[in-house]
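Next come the chains, spelled out residue by residue.
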Amino acid sequence: MSIQRVSSKWVKTTVLQRSRHVNEYIPVTRKYSRQALERMTELFPANYIKPDRGTYGNGVMRVKTTRVTLAASAPEETANETNEAELSEESEATKATETTEAKHSTTAEPSEPSKLELLTYHLQHGTEEQVFHSLDELEQAINKRIQQRDYIIQQGIPLMKHEDLPFDLRVLTQKNLQHNWETTGILGRIAAPGKIITNIHGGGRLATFEELVLPQLKKDQFQKLQHELYRLGIHTAVQLQSTFPRLKEIGIDIALDDQGRPWILEVNTLPGIYAFGLLPDKEAYRKIKRYAIAYGRLPASKKSKTKKKTSKVSKAQASALKRRTAR
């Protein structure tokens, strides 16, 4: 029986939102539309716009909204041109209006000077950034890239940083030899300078979970987070399997915010396995391959195509990891 794959990010998100164990980890996510763009840019300072179907971070855009509030200056009064009688009449009318408004108001607050809010939208794709001063201009620029394809828009999570570069985590969960879900590995991915994605295909680099997170948290916090991610991997897999019964493996992209809280950015039902072979823990990788062979992802032969595919990048990545973890 073939392994089931689910390509739509929106479909996977809606399934996961039905789980009380998983829903709290999902950032606010909507199908992309003009209305969703307007609402999300009002709610959050950063949002990511992603293809509903796509891999390797291709087509991902980020919108950052900056707000500048200015005090609106009152127009100068030309007292010499104003008739005193008119002023008197206006004063009486103002008093009557204020009395009426006071009756319908629950709290009487002193009037404040009017304020003007200026919005600026920064749209980034790859390393290219454009600046727009209206939502209409922003929407037009996005639509040129989208071209009628289905996209989602997701609340941006401010990522933890390593050496001033943002990183995220990939949690791998697989069916084990007893046909139960088991989280078998966690690795880190550091974004390339100037990039908004961490994918290796987009120039990101690998790192161990410990290398990235231990300097950020106390040891007991780190261990608690590790257990939480292992449980989250299983809860996520179980929930998805309730709708997609032939799933055998998932890769969860996890963001850690500046407080160390995990967020599910995306779930991949055809997760990369080779990257775990570049980490120092070779025993964990052997288990990952053993499970993948058992459920049919990899051929039974020890010399698999996966190994050949990764030979070009493995030496450089593995040696770099070895040097960093040896420090």
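Residues numbered from 1 in each chain as written. Predicted model: local features only at pLDDT ≥ 70, side-chain atom pairs only at ≥ 80, totals over all residues. Heavy atoms only, no water.

Trainee: What is the right way to read the pairing of strand E11 (residues 249-256) from this model?
Mentor: Side-chain positions along a regular strand alternate between the two faces of the sheet. The buried fraction of E11 amounts to eight of the eight residues, a majority that puts the element mostly inside the structure. Across six bridges, strand E8 (residues 165-175) lies against E11 in antiparallel orientation. Residue leucine 169 lies in a different strand from E11, and its bridge partner there is isoleucine 254. Hairpin connection, E11 to strand E12 (residues 262-268): the antiparallel pair is bridged by five residues, and glycine 260 has positive phi, about 85°. (Buried < 20%, exposed > 50% of the residue type's maximum accessible area, 1.4 Å probe, protein only. Helix = DSSP H or I, 4+ residues; strand = E, 2+ residues; numbered from the N terminus. Pairing = 2+ DSSP bridges.)

Trainee: Would you mind going over the pattern of salt bridges with me for this structure?
Mentor: When the charged atoms of two side chains lie near each other, side chains of opposite charge can form a pair. Per the counting criterion, the structure on display carries 14 salt bridges. Glutamate 266 is the salt-bridge partner of lysine 9, the closest N and O atoms lying 4.0 Å from each other. With lysine 9 in helix H1 (residues 9-16) and glutamate 266 in strand E12, the pair connects residues that are 257 residues apart, well separated along the chain. Note on lysine 9: relative accessible area 8%, which makes it buried. Lysine 287 is the salt-bridge partner of glutamate 182, the closest N and O atoms lying 3.0 Å from each other. Placement of glutamate 182 in strand E9 (residues 181-190) and of lysine 287 in helix H7 (residues 282-294) is noted, with a sequence separation of 105 residues between them. Classification of glutamate 182 by relative accessible area gives buried; the value is 18%. Using a relative accessible area of 27% as the deciding quantity, one classes lysine 287 as partly exposed. Shared partners join several salt bridges into a network, and the residues in it are Asp168, Arg170, Arg189 and Asp253. (Salt bridge = Lys/Arg side-chain N within 4 Å of Asp/Glu carboxyl O.)

Trainee: Would you mind going over the packing of aromatic side chains with me for this structure?
Mentor: In this description, a pair of aromatic rings is defined by centroid distance and the angle of the planes. Scanning the entire structure with this criterion turns up one aromatic pair. For the cation-ring pair, arginine 261 lies above tryptophan 263, with the distance from its terminal atom to the ring centre recorded as 3.9 Å. (Phe/Tyr/Trp six-rings, centres within 6.5 Å; stacked < 30°, edge-to-face > 60°. Lys NZ or Arg CZ within 6 Å of the ring centre and 35° of its normal.)

Trainee: Any chance you could explain the pairing of strand E6 (residues 151-155) here in plain terms?
Mentor: Within E6, five of the five residues are buried, which leaves the element mostly enclosed by the surrounding structure. The pairing of strand E1 (residues 29-31) with E6 spans three bridges and is antiparallel. Looking at the pairing, threonine 29 lines up with glutamine 154 of E6. Strand direction decides the pairing type here: strand E2 (residues 46-51) and E6, joined by five bridges, are antiparallel. Along E6, the bridge assignment pairs isoleucine 49 with isoleucine 153.

Trainee: Honestly, unusual backbone geometry in this entry has me stumped. Any pointers?
Mentor: The bulk of non-glycine residues show a negative phi, and the bulk of peptide bonds are trans. Positive phi, normally seen in glycine, also occurs at glutamine 147, with a value near 55°. With respect to the helices and strands, the residue glutamine 147 is situated in the loop between helix H4 (135-146) and E6. Judged by relative accessible area, glutamine 147 falls into the exposed class, the value being 52%. Its identity as a non-glycine residue notwithstanding, glutamate 163 has a phi of 50°, on the positive side. Here glutamate 163 lies in the loop between strand E7 (161-162) and E8. Exposure remark for glutamate 163: the relative accessible area of 59% places this residue in the exposed category.

Trainee: It is not clear to me how helix H6 (residues 219-243) should be interpreted in this structure. Could you clarify?
Mentor: For the α-helix, the turn length of 3.6 residues means that residues three or four positions removed from each other point alike. In this model H6 runs 37 Å from its N-terminal to its C-terminal C-alpha over 25 residues, within 8% of the 36 Å that 1.5 Å per residue would give. Listing the buried residues of H6 in full gives Phe222, Leu225, Glu228, Leu229, Leu232, Gly233, Thr236, Ala237, Gln239 and Leu240. Among the structural elements, H1, E8, E9, helix H5 (209-213), E11 and E12 are those in contact with the buried residues of H6. (Expected span 1.5 Å × (residues − 1). Contact = heavy atoms within 4.5 Å.)

Trainee: Please explain the packing of helix H2 (residues 34-43) against H4 as it appears in this structure.
Mentor: At their nearest, the axes of H2 and H4 sit 11 Å apart, and the two run at 125° to each other. Considering their axes alone, H2 and H4 lie oblique with respect to each other. Between H2 and H4 lies a crossing whose hand is right-handed. Here Arg34, Leu37, Glu38 and Thr41 of H2 come into contact with H4, specifically with Leu135, Asp136, Leu138, Glu139 and Ile142. (Axes fitted to C-alpha atoms, helices over the stretch in contact; angles between N-to-C directions. Parallel < 35°, antiparallel > 145°, perpendicular 65-115°, else oblique. Left-handed = near helix turned anticlockwise from the far one by under 90°.)

Trainee: Would you explain the nonpolar core in this entry?
Mentor: Proteins that are soluble and globular tend to have nonpolar side chains buried together. Among the nonpolar cores identified, the biggest contains 32 residues, and Leu169, Val213 and Ile254 are the most heavily contacted of them. Residue assignment for this core shows that the elements contributing at least two residues are H1, E8, E9, H5, H6, E11 and E12. Leaving out residues up to four positions away in the same chain, isoleucine 254 has contacts with Asp168, Leu169, Val171, Leu229, Leu232, Pro262, Trp263, Ile264 and Leu265. (Core = buried A, V, L, I, M, F, W, Y, C linked by side-chain atoms within 4.5 Å.)

Trainee: I tried to follow the packing of H1 against H6 on my own but got confused; where do I start?
Mentor: Geometry of a packed helix pair, given as the angle between the helix axes and the separation of the axes. H6 packs onto H1 with a crossing angle of 105° between their chain directions and a minimal axis gap of 9 Å. On the basis of their axis angle, the class for H1 and H6 is roughly perpendicular. Residues Lys12, Val15 and Leu16 of H1 form the contact with H6, whose own contacting residues are Thr236, Gln239, Leu240 and Thr243. Looking at the contact of H1 with H6, its residues break down into three nonpolar, three polar and one charged. (Nonpolar A, V, L, I, M, F, W, Y, C, P; charged D, E, K, R; others polar.)

Trainee: Sorry, what's going on with the confidence of the model for the protein here?
Mentor: Predicted confidence across the protein gives a mean pLDDT of 85, with 79% of residues reaching 70 or more. pLDDT under 50 marks residues 77-106. Its contacts with residues more than four places away, or in other chains, come to one contact. Under a pLDDT of 50 for its full length, residues 304-312 has, in the predicted model, four contacts with residues more than four places off or in other chains. (pLDDT = per-residue confidence, 0-100.)

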